Amino acid sequence: MALNILGNDQPIGRRDFMKACTWGIVGVAIVGMASPVVSGCNSLSGPGNVQADYNVSTLTGDNQALVTSGNGPEGSPLLIVRKSATTYVAISMNCTHEGCTLDAPSNGVMLCSCHGSEFDTTGAVLRGPARNRLTTYTTTYDASTGMVHVNF
Ligand code: FES
């Protein structure tokens, strides 16, 4: 299936963290995760913005995940994984080898096309040359809005 990640090329400051976002379903299968659903969060203030709040209403089952269309602080999208109805984790898709953006998960593996490193959807290294796991951020879920706040 195709993944539609919107262009992200101009990181901005954290002042825009609290800006809301809208969503578009892009549909990427994540093998090893039940009923995968992947969506993108479209920034209201332009591509490349570092965002903190993401709508996770499309994640209806545990271990479903989405890829944000906006970039996190490291300049790559985030993979947001639902652990339970109220617990989510955000993982940077920025390769820890030399900083390339990882491909969306396929069969539970995120590939770095720069030099071939692979990571699982917990951020662990499956294959080098990367040696360090991906940056993982804690989150806070707001049930009243269906939004996850990523704690950068
Ligand atoms: S930048 Fe990802 S493997 Fe080198």
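Just so we're clear, the structure is a prediction, and the values are computed from it rather than from any experiment. Position numbers for residues start from 1 in each chain and track the written sequence from start to end. Two thresholds apply to this predicted model, a pLDDT of at least 70 for residue-level local features and 80 or more for giving and counting side-chain atom pairs, whereas whole-chain, interface and lining totals are computed over all residues.

Engineer: What am I meant to see in the pairing of strand 5 (residues 78-84) here?
Structural biologist: Both faces of the sheet carry side chains from a regular strand, because those side chains alternate between them. Counting buried positions over the 7 residues of strand 5 gives 5, a clear majority of the element. When DSSP locates at least two bridges between a pair of strands, those strands are taken to pair. Comment: elements are numbered from the N terminus, with helices defined as DSSP H or I runs of at least four residues and strands as E runs of at least two. Relative to strand 5, strand 4 (residues 65-67) runs antiparallel, the two being bridged by 3 bridges. Within the sheet, the bridge partner assigned to Ala65 lies in strand 5 and is Val81. Where strand 5 folds back onto strand 6 (residues 87-92) in an antiparallel hairpin, the turn is made up of 2 residues. In this scheme the burial state of a residue depends on its C-beta neighbours within 10 Å: 20 or more other such atoms mean buried, 12 or fewer mean exposed, and anything in between means partly exposed; the C-beta positions come from the backbone.

Engineer: For this particular structure, what's the right way to read unusual backbone geometry?
Structural biologist: Across residues other than glycine, the phi torsion is negative in most instances, and most of the peptide bonds are trans. For the peptide bond that leads from Gly128 to Pro129, omega is 25°, which places it in the cis range. Tracing the sequence through the fold places Pro129 in the loop between strand 9 (125-127) and strand 10 (136-137). Unusually for a residue other than glycine, Asn63 sits at a positive phi of about 70°. Inspection of the secondary structure puts Asn63 in the loop between strand 3 (53-55) and strand 4.

Engineer: Would you mind showing me how to read the environment of Glu118 here?
Structural biologist: With respect to the helices and strands, the residue Glu118 is situated in strand 8 (residues 118-120). Linking Glu118 and Gly128, residues 10 residues apart in sequence, is a C-alpha distance of 6.8 Å.

Engineer: Would you mind going over the environment of Ala143 with me for this structure?
Structural biologist: Relative to the helices and strands, Ala143 resides in the loop between strand 11 (139-142) and strand 12 (147-150). With 57 residues separating them in the primary sequence, Ala143 and Thr86 have C-alpha atoms 7.5 Å apart.

Engineer: Quick question: what am I supposed to make of the sheet that holds strand 9 here?
Structural biologist: Backbone-to-backbone hydrogen bonds join strands into a sheet, with any given pair of strands oriented parallel or antiparallel. Across the sheet, which stays open at both edges, the 3 strands sit in the order 7-8-9 with antiparallel pairing between neighbours. Each having just a single partner strand, strand 7 (109-111) and strand 9 make up the two edges of the open sheet. Taking the axes of each pair of neighbouring strands and ignoring which way they run, one obtains an average angle of 35° across the sheet. In the sheet, strand 7 pairs with strand 8 via 3 bridges, with the strands oriented antiparallel. Working convention: axes come from line fits to C-alpha atoms, limited for helices to the stretch in contact. Angles between N-to-C directions cover 0 to 180 degrees.

Engineer: What am I meant to see in the pairing of strand 6 here?
Structural biologist: In terms of burial, strand 6 is a largely internal element, 5 of the 6 residues being buried. Across 6 bridges, strand 5 lies against strand 6 in antiparallel orientation. When the bridges of strand 6 are listed, Ser84 appears paired with Thr87. In terms of strand pairing, strand 6 meets strand 10 through 2 bridges, oriented antiparallel. Bridge pairing links Ala90 to Tyr137 in strand 10.

Any link to function would need more than the numbers given here.
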